[in-house]
Amino acid sequence: MGPTGIFASHRARAASIERYSGAGKKRILELGAGAGGTAAAMADLGHSVIAIELSPLRASFARELAQEARQGQLTIIEGDYYALNFPEPFDLICHWDSFGMGTDADNRRLLRRMAEDWLAPKGCVLMDVFNPWWWIRRAGTEERDEERDLMRGYDFDPIGGRLLDHWWPIGDKSQLITQTARCYTPADFLLLIEGTGLTVELFAIDGNIFRAGESSTIAHPLGDALSYFVKLVLAG
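Presented here is an overview of the structure given in this document. For every chain, the first residue of its written sequence is number 1, and the numbers climb from 1 along that sequence. The predicted nature of this model means local features are confined to residues of pLDDT at least 70 and side-chain atom pairs, given and counted, to a pLDDT of 80 or more, with totals for whole chains, interfaces and linings taken over all residues. Excluding hydrogens and water, the side-chain figures rest on all heavy atoms present in the structure.

## Some thoughts on the overall build of the protein chain
Formally: Each helix corresponds to a stretch of at least 4 residues labelled H or I by DSSP, and each strand to a stretch of at least 2 residues labelled E; elements are numbered beginning at the N terminus. Put simply, the radius of gyration uses C-alpha atoms, and a globule should come to 2.2 Å times the residue count raised to 0.38. In this description, accessible areas are obtained by the Shrake-Rupley approach with a 1.4 Å probe, and a residue is regarded as covered only by the protein chains that are shown. His residues and chain termini do not enter the charge count, which takes Lys and Arg as positive and Asp and Glu as negative. Think of each charge as sitting on NZ of Lys, CZ of Arg, CG of Asp or CD of Glu.
Counting its secondary structure elements, the protein chain contains seven helices and 12 strands. A compact globule built from 236 residues should have a C-alpha radius of gyration of about 18 Å, and the protein chain, at 18 Å, falls within 12% of that. Split by element, the accessible area of the protein chain, about 11600 Å² in all, is 51% carbon and sulfur. Separation of charge centres in the protein chain, based on 24 positive and 32 negative side chains, amounts to 4 Å.

See below:
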């Protein structure tokens, strides 16, 4: 989906980097960059950003943003991040709104690549993880997206633990397209990262931090959050 642009949500996400990864300009790798809004917002803060996007259409939107003058550097690579290598490690790896597209084995392999191939020793990973409870509560419901002239249907695969996000033109369900991603509870995510070389430093929802073994002071229950935020660092 387009259109190309940098929205307030992209600016807010870019601004949160300093809180979670420390001050200073960073070398950043963004995985699954979409239309490039967050990558451009991070580059506007002076960071050097390499953004990876598999979809040719979305990568083309991101390349348009990369052609504009920015305080930092923005490079767009159209390709499969499972297959890419880089000559230098990154201070920060970001994965927004798209972790879990593959199987558990795929997702664990990606986390291992972050730890072994891409992340600098003192670097960190910031990412979103889709929350199964949000999708379970909405399974079977539909809504109209008048702006795009589309219908959206929500569903959930309880065996695979995957969200099913259906889209189709209003009045023509024969053109239905479904995107899917693996959802993880925080406990399941902790099991997923075992043996990957990464460990969780914190979880957060709407900027409210919670850690294993601590009682939650989150203003909004986890069931009301589409996804939750995770900070990962190298284990040991």
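## Here's the deal with helix 3 (residues 37-44)
Here is the rule: To sort residues, take the accessible area from a 1.4 Å probe on protein chains only and compare it with the maximum for the residue type: under 20% means buried, over 50% means exposed, and anything in between is partly exposed.
In terms of burial, helix 3 is largely enclosed, as eight of its eight residues are buried. Trailing helix 3 by a residue or two, glycine 46 shows a phi angle of about 100°, which is positive.

## Let's talk about the sheet that holds strand 2 (residues 48-53)
Which entries qualify depends on this criterion: Pairing between strands requires that DSSP locate at least two bridges from one strand to the other. The axes used here are C-alpha line fits, helices contributing only the stretch in contact, and every angle between their N-to-C directions lies in the interval 0 to 180 degrees.
Ordered in space as 3-2-1-4-5-12-10-11, the eight strands form an open sheet in which the pairing is mixed. The open sheet has two edge strands, strand 3 (73-78) and strand 11 (208-210), and neither has a second partner. Looking at each pair of strands side by side, their axes are set apart by 20° on average, direction ignored. In terms of strand pairing, strand 1 (residues 27-31) meets strand 2 through five bridges, oriented parallel. Looking at the pairing, arginine 27 lines up with serine 48 of strand 2.

## Observations concerning helix 5 (residues 104-118)
Stated precisely, the cut-off is as follows: By this rule, a helix spans an expected 1.5 Å times one less than how many residues it contains.
Taking 1.5 Å as the rise per residue, helix 5 with 15 residues should run 21 Å; its terminal C-alpha atoms sit 20 Å apart, in good agreement. Looking only at helix 5, the buried set comprises Asn107, Leu110, Leu111, Arg113, Met114, Ala115 and Trp118.

## Considerations on the sheet that holds strand 7 (residues 150-157)
Taken together, four strands build an open sheet; the order of strands is 6-7-8-9 and the sheet is antiparallel. One side of each edge strand has no neighbouring strand; the edge strands of this open sheet are strand 6 (142-145) and strand 9 (177-182). Taking each pair of neighbouring strands and ignoring which way they run, the sheet shows an average axis angle of 25°. Two strands pair when backbone bridges link them, and strand 6 and strand 7 are joined in this way by four bridges, in the antiparallel orientation. Across the sheet, the residue bridging to aspartate 145 is leucine 150, located in strand 7.

## Topic: the packing of aromatic side chains
Rule in force here: Geometry of aromatic contacts follows a simple scheme: Phe, Tyr and Trp rings, the Trp one being its six-membered ring, pair when their centres are within 6.5 Å, and the pair is stacked under 30 degrees between planes, edge-to-face over 60, tilted otherwise. Two thresholds decide whether a charge sits over a ring: the Lys NZ or Arg CZ must be within 6 Å of the ring centre and within 35 degrees of the ring normal.
Tallying each qualifying case throughout the model produces 13 aromatic pairs. Consider the rings of phenylalanine 86 and phenylalanine 90, whose centres lie 5.3 Å apart with planes at 85°: the pair is edge-to-face. As far as burial versus exposure is concerned, phenylalanine 86 and phenylalanine 90 are alike and both buried. Considering the side-chain rings of phenylalanine 86 and tryptophan 118, the 6.2 Å spacing of their centres and the 70° angle between planes classify their relative orientation as edge-to-face. Placement of the pair is phenylalanine 86 in the loop between strand 3 and strand 4 (90-95) and tryptophan 118 in helix 5, with a sequence separation of 32 residues. Here phenylalanine 86 matches tryptophan 118 in class, with each residue buried. Here the aromatic residues Tyr20, Trp96 and Phe229 are joined through ring pairs into a cluster of three or more. In this arrangement the basic side chain of arginine 27 is found over the ring face of phenylalanine 90, its NZ or CZ atom lying 4.2 Å from the centre.

## Concerning the pairing of strand 12 (residues 227-234)
Counted residue by residue, strand 12 has six buried out of eight residues, so it is predominantly covered. Sheet topology note: the strand 10 (residues 198-205)/strand 12 ladder contains six bridges and is antiparallel. Within strand 12, the residue paired with threonine 199 across the bridge is valine 233.

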